[in-house]
Every structure is written in structure tokens, then in C-alpha cells.
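So the chains spell out like this:
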Amino acid sequence: MTHPATVQCTPANLPAGVERARVLVVDDNRINRHLLLALLERGGIRQVEQAADGNEGMERLESFKPDLVLLDLMMPHLDGFEMCRRMRADPRWKRLPVLIQSSLNRAEDRARAFAAGATDYVTKPINAVELLARVHIHIQKRCLLHDLEQYHARSQRELALARNMQERLMPSPARLATLRAACGLAIDAHFAPSSELGGDFWGIKRLPDGRTGVYLVDFSGHGVGAALNTFRLHAICQQLAPVCADPVEFLAAVNTRLCALLPSGQFATMLTGCVDPAAGVFHYASAGATAPMVWAPGDAEPLMGDGTGLPLGLLAGTRHESRSLPLPPGGRLFLYSDAAIEIPQGDGVLDEAGLLAMVRRRAGETDGARLLDGLLDELRATGPIDDDLTALLITRER
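We now turn to the structure provided with this report. The structure presented is a predicted model; accordingly, all values stated were derived computationally and were not measured.

Rules used in this analysis
- Residues numbered from 1 in each chain as written.
- Predicted model: local features only at pLDDT ≥ 70, side-chain atom pairs only at ≥ 80, totals over all residues.
- Heavy atoms only, no water.
- Disulfide = S-S within 2.5 Å.
- Buried < 20%, exposed > 50% of the residue type's maximum accessible area, 1.4 Å probe, protein only.
- Core = buried A, V, L, I, M, F, W, Y, C linked by side-chain atoms within 4.5 Å.
- Helix = DSSP H or I, 4+ residues; strand = E, 2+ residues; numbered from the N terminus.
- Contact = heavy atoms within 4.5 Å.
- Salt bridge = Lys/Arg side-chain N within 4 Å of Asp/Glu carboxyl O.
- Phe/Tyr/Trp six-rings, centres within 6.5 Å; stacked < 30°, edge-to-face > 60°.
- Lys NZ or Arg CZ within 6 Å of the ring centre and 35° of its normal.
- Pairing = 2+ DSSP bridges.
- Axes fitted to C-alpha atoms, helices over the stretch in contact; angles between N-to-C directions.

### Side note on the state of the cysteines
Logical step 1: As enumerated under the stated definition, the model contains 0 disulfides in all.
Logical step 2: Not engaged in a disulfide, the cysteine Cys183 finds its nearest cysteine sulfur in Cys274; these two sulfurs lie 12 Å apart.
Logical step 3: With relative accessibility at 15%, the residue Cys183 sits in the buried group.
Logical step 4: Exposure remark for Cys274: the relative accessible area of 0% places this residue in the buried category.

### Digging into the nonpolar core
Logical step 1: Membership of the largest hydrophobic core comes to 47 residues, with the highest contact counts inside it found for Leu233, Val254, Leu258 and Met270.
Logical step 2: The element contributing the most residues to this core is helix α8 (residues 247–261), with 6 residues.
Logical step 3: In this structure, Leu258 is in contact with Phe219, Leu233, Ile236, Ala268, Leu312 and Gly313, ignoring residues within four places of it in sequence.

### Digging into the pattern of salt bridges
Logical step 1: On inspection of all chains with the given rule, the structure shows 24 salt bridges.
Logical step 2: In this structure, Glu130 and Arg134 form a salt bridge, with 2.9 Å as the shortest nitrogen-oxygen distance. With Glu130 and Arg134 both in helix α5 (residues 128–167), this residue pair falls 4 residues apart, about one helical turn.
Logical step 3: Residue classification places Glu130 among the partly exposed residues on the basis of a relative accessible area of 35%.

### Examining the packing of aromatic side chains
Logical step 1: Overall, the coordinates contain 5 aromatic pairs when judged by the stated rule.
Logical step 2: For the pair Phe201 and Tyr215, a centre-to-centre distance of 6.1 Å together with 80° between the ring planes defines the contact as edge-to-face. In this pair, Phe201 is assigned in strand β7 (residues 200–206) and Tyr215 in strand β8 (residues 212–219), connecting sequence segments 14 residues apart. Each member of the pair, Phe201 together with Tyr215, is buried.
Logical step 3: Look at Phe282 and Tyr284: their rings are 5.5 Å apart centre to centre, the planes differ by 10°, and that puts the pair in the stacked class. Pair check on accessibility: Phe282 and Tyr284 agree, each one buried.
Logical step 4: Among the aromatic residues, ring-to-ring pairing joins Phe201, Tyr215 and Phe250 into one connected group.
Logical step 5: In this structure, Arg112 packs its charged tip against the face of Phe81, placed 3.8 Å from the ring centre.

### What about the sheet that holds strand β2 (residues 47–51)?
Picture the strands of a sheet paired through backbone hydrogen bonds; they go either parallel or antiparallel.
Logical step 1: Spatially, 5 strands are ordered β2-β1-β3-β4-β5 in an open sheet, and the strand pairing comes out parallel. In the strand order of this sheet, the two ends are held by β2 and β5 (120–123), each with one partner. Ignoring which end each strand starts from, the neighbouring axes of this sheet average 20° apart.
Logical step 2: Relative to strand β4 (residues 98–102), strand β3 (residues 68–71) is paired through 3 bridges, and the arrangement is parallel. Its bridge partner lying in β4, Leu70 is registered against Leu99.
Logical step 3: Contacts between α5 and the sheet are confined to β1 (22–26), β3, β4 and β5, with β5 contributing the most and set at about 170° to the helix.

Right, here's the structure in full:
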């Protein structure tokens, strides 16, 4: 081995993380261990522990928790090959850098060491400059990986918090139960973003005149950007609650605000409407949303409405058409985002006709939750769902 005095590092030229690094030297030769210790200290590494064989090395792993292991292969009791295999079998040490330093220099010995889980390999007699350079590289890579893992964990925590906040935008089960008792509307809902966050949301509001307002929104895109837009629009919808009794006026008011907020190229589709129990009708207006479906017990098949209309946020002053569908006692209303009709299928996608056929097959199911769950299972079996999927099944119980 090159004498350690020929290698000298100063704090100014040390790679990131080296001064804090912990290195475990496992070698049955005491002289080799002391030479490696001196070399590592010259290289700016102050936290070094030693072990004389693999068994002692495994014990030191538990107490010392190193950032890198310098491992000899030929040792009594437990050799380097077996120690490496045992380390890789433990999830805690699966990605710990293991730098082999051994007098075995045949290709098959190297292959055996890498098969056991070695990260790198240098042969004895050791070149001090080369060894120290490799040690620095692996420590630096481990520090970068640790930083990346911490960043990923923090991002996951923040995304989970944001998703929880987004889910809280939707009506709670308690609120839906209150609405059911007061208005006779049973609502089964599904919300699943395509990534951690999505661009869909929906809302429902009991109106003073005995009607019930409902809306479903689907922003262009998905992920963080789309989710931020849902928070914006949710606040807007709360501010505009007094005009939600008129679907056309509600869309006009929402569109005015979105045109002033959204950057060019972003938009939202939205269907909003009111269940009118006195008239037995669902009055609605659509801004480029999917077509609503309604059916009553005994109907031959669901009736599909019209979802056409210019999406929101594109053109100020847009007026949308007022439409209606029958919704008698016992009737059901099905609303959904466009992910349900954009599932890849062969050379095309599942379209509205395909979804209508699925609903038709299940329309006789008396339990709303089972109906919606079965429909969603069939959609998932059709192909990968690459967009945010929201679905509402509203049953008029009286």
C-alpha cells in the first residue's frame, strides 16, 4: 500500500459529506487496518471503526451505522463474501456502499464479490490515492442519495397533506347523510386523482326553495397545478353560492372569474344543476362537461343528456344553455369526469356509448354503493385510467 503520508486532504477541498462520514474497516490483518485508518484520517475522515472479521463487522454495523464499509474478503470465522451477502439481506444495509479491498485479483473472484453485493473493488497492494478517491466518491454518492431520499419523503408528506386538504373540499359523509335525511337524496361518490393530486372536485348544496344544487368540475391537466386550480375554484364557488340556484348564471359568474385568473391554455369543464323534486326534473347547464345520465325504475335504458358547451376560463362573456332531464321519485342521476370515457381500448377509447352500455347493464341494481362500485370495477378492467376520475350517483329516494 502507498504510504498514507503521500495523501493529504484539507477541509477546503473535501467532497460534500466526507467530514461527517463514518467508515467501518473490516480486515483480519491488524497492520492493514492501521494503515487504512491512517489513510482515511489523511483523507479527512475522522469517524472510523475497525473489525477483525465478518462477525465482528456485523456487530459494528448495528452500533456504528457506517456510511461505507471497507471490506477484506479472506478472513477467518466469517469471510467478506458471506458478510456482504448478510448485509444485502438486511433492508437497513441494502444500499450501504461496500468497497472491497483484497489480494484476490482473478476475474471470477471479482464476479463472486459483486454477486454477493459489493459496490466497488480494488486489489492489493492498495494504491492510496485511488482508494481514497473511490472512498470519497461513494461517500459523496451516499450523501446525495440520502438528501434525495429526505427530499422525496418530505415531498410525499406534503403531497399527502395537500391531498387530504383536497379531499376535504368534497362533501363529507356526515354532510351527505344530513342531506339525505332532509332532501331524500342518497349520494354515492368516488374521487381518485391520477397522481398524488388531481384537477377534479365536486360539491352539493341544499337550496332554500327545496331544491338541491350540485356541480362537478374537471380542470385541464392533473397534478399540483391542477390541484391548485381546484382550491381556487372551490373558493369561488363558495363566494357565488347565492347564484348557484340558476345553473346558467352560476356558470357565467364562475367563467368571469376564471377568465381573469387562469393563464392562457388552462380551462375547466363544469356541469352544474339543480334537482327539483316538485317538478321531478334535473335542471342543468354544461361547460364542455360529460353528458349526464338519468334513469328511473322500469326504464329500458338510461337517458343521456347533453354536455356540450364552451369550457370555462377561455372566453369572457360566454353564455351556456339551460337544459333539463326528468328525475322522478326513485330516479337516478349519474355524473362523471371524462376519465371514464377516455380509457384506452384496442385501437380507440371507451366512449360515451360504451359507458352507457355499462350503466345499462347495472341500472337495475337497487343498492347505489354496489352499483357504483361495480361500474368502477368494470371501468378499471377495461384499461388503464390515466386521468383523474370522479363519479357521482344521486338517487332520489322520494
